[in-house]
Amino acid sequence: MGLQETPKGERFHIVLYGKRNVGKSSLLNALTGQPLAIVSDIAGTTTDPVSKAMEILPLGPCLLVDTPGLDDEGELGRKRVEKALQAMNTADAALLVLDAGSLWKEYVKNGKQTDGKILEKERTLAEKLQENKIPYVLVLNQADRLEEQEALELKEMFQGFPAAAVLTSAVENRGMEELKQALIRLVPEEKKERYIIRDLICPGEMVVLVVPVDSAAPKGRIILPQQQVLREILDHHAAAVVTQPEELPSVLERFKGQIRLVVTDSQAFKEVDAMVPGEIFLTSFSILFARYKGELDVLTDGVKALEHLKDGSRILISEGCTHHRQCEDIGTVKIPGLLKKYTGKELVLETSSGGDFPEKLDKYALVIHCGGCTLHEKEMKRRLACAKACQVPIVNYGIFLAYVNGILERSTEILSVDRDI
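Rules of the game
Residues numbered from 1 in each chain as written. Predicted model: local features only at pLDDT ≥ 70, side-chain atom pairs only at ≥ 80, totals over all residues. Heavy atoms only, no water. pLDDT = per-residue confidence, 0-100. Helix = DSSP H or I, 4+ residues; strand = E, 2+ residues; numbered from the N terminus. Contact = heavy atoms within 4.5 Å. Pairing = 2+ DSSP bridges. Axes fitted to C-alpha atoms, helices over the stretch in contact; angles between N-to-C directions. Buried < 20%, exposed > 50% of the residue type's maximum accessible area, 1.4 Å probe, protein only.

### Description of the confidence of the model for the chain
Across the chain, the average pLDDT comes to 84, with 84% of residues at or above 70. Averaged pLDDT values over the elements of the chain bottom out at 76 in helix H3 (residues 100-109) and peak at 98 in strand E7 (residues 206-210). Taken as a whole, residues 37-46 scores under 50 in pLDDT and shows 21 contacts with residues more than four places along the chain or in a different chain.

Okay, structure coming up:
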C-alpha cells in the first residue's frame with residue numbers, strides 16, 4: 001500500500017456478482033475508468049476475484065471487487081463460485097449484474113411473466129445478500145443491445161423488486177453516473193463518526209508512540225495501525241513523538257510534564273509500562289483499534305477465559321494476514337510462551353492465517369486473534385460472530401498481552417475519561 005492510499009480495510013467494499021458474460025469485467029473497467037479487468041467474449045475469463053480501489057464521491061474511498069460467474073461449470077467452476085461467494089464476507093454493498101439483452105428476449109419479447117422475480121441463480125444470490133444485510137443494486141447491463149423503448153420496458157419489469165434497477169452499457173459508457181448515485185443511496189445518510197485516538201486528545205497535546213524496530217518490523221516503514229494513529233494525531237493538530245523502547249526514558253525526561261498519552265506496540269507493553277510514570281496515560285495500538293472497530297467489550301470479556309484453561313485445552317492463535325515467520329514471531333513464539341508461563345498448563349495450540357479462519361470453533365477453549373488491521377471491519381465482525389455462535393471466548397493480541405502482564409486496567413483507563421474535546 002502506498003503512503004497516500006486509504007487502507008484496504010477502511011474502504012467501502014462493493015462486490016460485482018452475475019453469470020458469465022454479463023459484462024461484469026467491462027462494467028468494472030467503465031466504473032474505474034481503467035482497463036483493469038481482462039475482457040473477452042469467452043465465458044469464464046474472470047477466474048479469481050479482482051479488486052480495484054477508487055473514489056466515489058460523496059461515498060469516499062471504495063474497493064470494487066469483480067468475481068467469477070455464478071454459473072461457472074465443473075469442479076473447478078464450483079470452487080470459483082465458492083470463492084466469489086466468500087467475497088460477501090467483506091461486502092458493504094453489491095452490484096447484481098444481469099444481461100439486459102437476454103432478459104428482454106426471455107421475459108419481454110416472449111411474453112413470460114416474472115412477477116418481479118429474476119432467474120434462479122441471481123434470485124438465490126439476492127436472497128443471500130438480503131440474509132447478510134448487504135444492500136445491492138440490480139444492474140441491467142449491455143443495454144446497448146436494446147432499443148430505447150425496449151430498455152425502458154425491461155427496467156419497468158423490475159419496479160416491484162426490493163433493489164433499485166439501473167440500465168447500463170459498459171461498452172458505450174452509459175448509465176455509470178446513475179449507477180454511482182444508486183450506490184451512494186445505499187449508504188445511510190448519517191454515518192457515525194468514529195475515531196482511533198482523536199477523541200482522547202486535545203489539539204496541542206503530546207502523544208508518544210513507541211514503535212519497536214526489530215527483526216519482525218517491515219523494512220523501511222512502520223506498520224499500518226501505527227501510520228493511521230500518527231496521521232489522526234497530526235490531523236487533530238496534536239504533537240507526536242515516535243521512538244523505540246530503548247530511547248523512551250530520554251524522551252520522557254526531555255518532555256516531562258508535557259506528555260498526555262503513550263501508545264505502544266503490544267509486544268513492548270511490559271517494559272514500556274515499567275518506564276511510564278503513573279500520571280501519564282498508557283495504552284496500545286491494538287487496544288485503540290479494538291475500540292475503534294467496536295470490539296473492545298467482547299475482547300476484554302474473552303480474555304478472562306485464561307483463568308479457566310485446563311491441561312489439554314485447545315487454543316486457536318489466528319492472524320488476519322500472512323507473513324514470513326520470524327524467530328521471535330508473536331503468534332508462534334511469544335504468545336505460546338506467555339500462555340504456558342501464565343497458565344502453567346499443557347495446552348494444545350493451533351494457528352491460522354489470512355482467510356483461513358475456521359467456521360466451526362467448538363473444539364477451542366479460546367481464540368487469540370491479531371489486531372486485524374489488514375482485515376475489513378465486516379470480516380473481523382464475522383469472525384467475532386463465529387466465536388459467539390460457538391460460545392467460544394475470543395481476545396486479540398494486545399488485550400491478551402496487557403492482561404498477562406497485569407496492566408489491562410491501566411491500558412484502558414484513558415478510554416473511560418470523560419473530556420470535552
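Here the narrative resumes.
### Notes on unusual backbone geometry
A positive phi angle, near 60 degrees, is found at glutamine 142, a position not held by glycine. By secondary structure assignment, the location of glutamine 142 is in the loop between strand E5 (136-141) and helix H5 (148-156).

### Structural notes on the sheet that holds strand E14 (residues 394-396)
Pairing is parallel in the open sheet, where four strands are placed in the order E12-E11-E13-E14. A strand with exactly one partner marks an edge of an open sheet, and here the two such strands are strand E12 (348-353) and E14. The sheet shows a mean angle of 20 degrees between the axes of neighbouring strands, taken without regard to direction.

### Side note on helix H14 (residues 397-404)
A turn of α-helix holds 3.6 residues, and therefore any two residues three or four places apart point the same way. Among the eight residues in H14, seven count as buried, and that is most of the element. Burial in H14 covers these residues: Tyr397, Gly398, Ile399, Phe400, Leu401, Ala402 and Val404. Looking one or two places after H14, you find glycine 406, whose phi comes out positive at around 75 degrees.

### Here we look at the sheet that holds strand E3 (residues 60-66)
Pairing within the open sheet is mixed, and its six strands lie in the order E2-E3-E1-E4-E5-E6. The sheet is open, and its two borders are formed by strand E2 (50-56) and strand E6 (164-167), each paired with just one other strand. Within this sheet the neighbouring strands show an average axis-to-axis angle of 25 degrees, counted without direction. The strands that H5 touches are E5 and E6; relative to E6, the one it contacts most, it runs at about 165 degrees.

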